[in-house]
Each structure stands twice: as C-alpha cells, then as structure tokens.
Amino acid sequence: MIKKNLLLFLFAFMISFLSCKEDYVPKPKAFLRLEYPKASYKVTKMKNTPIAFEVSSLVNNITTKTIKSTTSSYGISLNYKSLKGTIFLTYKAINGDQKNLLDFIKDAENLTQKHMIKADEIPVSPFENLEKRIFGKFSEVKGNVASPAQFYVTDSVNHFLTGSLYFYTKPNYDSILPAATYLQKDMKRLMETLEWK
C-alpha cells in the first residue's frame, strides 16, 4: 500500500514539475478587425451651390438646403449609411468682405475648440493649394467627442466651406476609430478636389 501511494505521489509530482515550465501570460485585448472597401470617387457638382468636389461611392445620400443668412449659404450632408456617419458641410459666400471671412474663421475654430473639454488632443494640419487658391485647416479631434474631425477651406475672397464628421452613436473613441479614420480620408480628398465655380 505504501509503495502504491509513493508511486502515485511521485507520478503526481513529476506531472506537476514537468507541466509548470512557463509562467502564464494573459493575452492582450484584441480589436475588431473591420475592413472597408477601397474608396472610389467621382466628381459631384452640388446643385445650386458654387462648389464641386469628389464624393466617395460609399455615400448613400446627398442633401442640400439653403440656409438663411446675410450671405449666400448652403448646408450639404454626405450620408454614409454603412458607416453610420455623416459629413456635414456648410458653404458661405464671403462677398469680398474681410470681416465676413474673419467671422467665419473664428466660428469654425470655435466649433473645434468646444471639443477641448472632452478631447485628449486636437492635432491641426494646415491645408494649402496655391494653384486652386484654397487655404484652410484640418483638425482631428481625438477622444470621446461628438465630432472626431473638422475642417475649413477658403479662397480668402469669395468662398468659405466648413466640414464636420458626426456618427449616429454615443461617442466612444475606440469603437468609432476605424470608421473615423476611413471618413477622415474622404474629408481630406474633398478638400484636395474642391473646385470653386
């Protein structure tokens, strides 16, 4: 009996000794692998507005409406149903009035600054196309904010355009980051292909 117990003890000891060679290391949390189609674009002239630009094939619906203002103003929505987001654009005519231009720039920058309360950081990239006379800024707003990307562009004399990205969900930066990154590329493409009429 003692021999049998001794053999069992040695057998259990050998198994536990041989099985404990490495320390257990927990695996890191994984991210959802989201794949979006390669973007394809086509030039779209916005009806009744003095602008045209390239729009992604993922845009399901484009709406344009006139906004009551002291200058010619239009609101344009580019809806991405599959990504549950919208890029909202606002066009305003400057009419050669530098005070209008300064007010429009201040309003656009204030909209970005309102996100400072919840933003982790707001990297700003200047945008300039001398050939087309387009100047502006692109802001990526990082953190749990309502609008993760915004921009404005102008020719400094006649035209001013702002854009903001919004999703139809509660702001959660980690969850919307892949879609936000994808749509930020569309916003930059819009800025690069913009034409004033």
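Residues numbered from 1 in each chain as written. Predicted model: local features only at pLDDT ≥ 70, side-chain atom pairs only at ≥ 80, totals over all residues. Heavy atoms only, no water.

Enquirer: I'd like a description of the overall build of the protein, backed by residues and values.
Expert: Secondary structure assignment for the protein yields three helices and 12 strands. Put simply, the protein has 197 residues, and 39% of those count as buried. For the protein, restricting intrachain contacts to residue pairs at least 6 apart in sequence, the fraction spanning at least 24 positions comes to 52%. For the protein, the exposed area adds up to about 13200 Å²; of that, 57% sits on carbon and sulfur atoms. (Helix = DSSP H or I, 4+ residues; strand = E, 2+ residues; numbered from the N terminus. Buried < 20%, exposed > 50% of the residue type's maximum accessible area, 1.4 Å probe, protein only. Contact = heavy atoms within 4.5 Å. Areas by Shrake-Rupley, 256 points an atom, 1.4 Å probe, with all protein chains shown as cover.)

Enquirer: Lay out unusual backbone geometry in plain terms, naming residues and giving numbers.
Expert: Here Asn48, not a glycine, exhibits a phi torsion of approximately 60°, which is positive. Checked against the element boundaries, Asn48 lands in the loop between strand S1 (41-45) and strand S2 (51-56). One non-glycine residue, Arg133, lies in positive phi territory at about 55°. Relative to the elements of secondary structure, Arg133 occurs in the loop between strand S7 (124-129) and strand S8 (134-140). Given the relative accessible area of 42%, Arg133 is considered partly exposed.

Enquirer: An account of helix H2 (residues 98-113) is requested, with residue identities and associated values reported.
Expert: Its 16 residues give H2 an end-to-end C-alpha distance of 22 Å, which sits within 8% of 22 Å, the value for a rise of 1.5 Å per residue. Looking at H2, one finds that the buried residues are Asn100, Leu101, Phe104, Ala108 and Thr112. Axial view of H2: buried residues confined to an arc of 110°, hence all on one face. Turned more than 90 degrees off the buried face of H2, the exposed positions are Lys99, Leu102 and Lys106. Lining the buried residues of H2 we find strand S5 (85-93), S8, strand S10 (149-154) and strand S11 (159-167). Two to three positions downstream of the cap, the backbone nitrogen of Lys99 sits 2.9 Å from a side-chain oxygen, assigning the N-cap of H2 to Asp97. (Expected span 1.5 Å × (residues − 1). Arc of directions from axis to C-beta. Polar contact = N/O pair within 3.5 Å; in protein donor to acceptor, adjacent residues only side chain to side chain.)

Enquirer: I'd love a proper account of the sheet that holds strand S12 (residues 195-196), names of residues and values included.
Expert: If you trace the three strands from one edge of the open sheet to the other, you get S1-S2-S12, paired in antiparallel fashion. At either margin of the open sheet sits one strand with a lone partner, and together these are S1 and S12. Contacting S1, S2 and S12, helix H3 (residues 173-193) crosses the sheet at an angle of about 150° to S2. (Pairing = 2+ DSSP bridges. Axes fitted to C-alpha atoms, helices over the stretch in contact; angles between N-to-C directions.)

Enquirer: Outline the pairing of S2, listing residues and values.
Expert: Counting buried residues in S2 gives six out of six residues, a clear majority hidden from the surface. In the sheet, S1 pairs with S2 via five bridges, with the strands oriented antiparallel. Paired with Val43 across the strands is Glu54, a residue of S2. A loop of five residues connects S1 with S2, the two strands running antiparallel in sequence, and Asn48 in this loop sits at a positive phi of about 60°.

Enquirer: Requested: an account of empty space enclosed by the protein, with residues and values cited.
Expert: Inspection of the entire model under this criterion finds one cavity of 30 Å³ or more. In this structure, the largest cavity encloses a volume near 50 Å³. Taken together, Tyr41, Glu54, Val55, Ser56, Val59, Leu78, Tyr80, Ile87, Asp186, Met187 and Leu190 form the lining of the largest cavity. Taken together, the elements giving at least two residues each to the lining of the largest cavity come down to S2, strand S4 (73-80) and H3. (1 Å grid on protein atoms, 1.4 Å probe; cavity = no way out; pocket = protein on both sides within 12 Å on 5 of 7 lines; lining within 4 Å. Points joined across faces, edges and corners; volume = space filled by probe spheres on them.)

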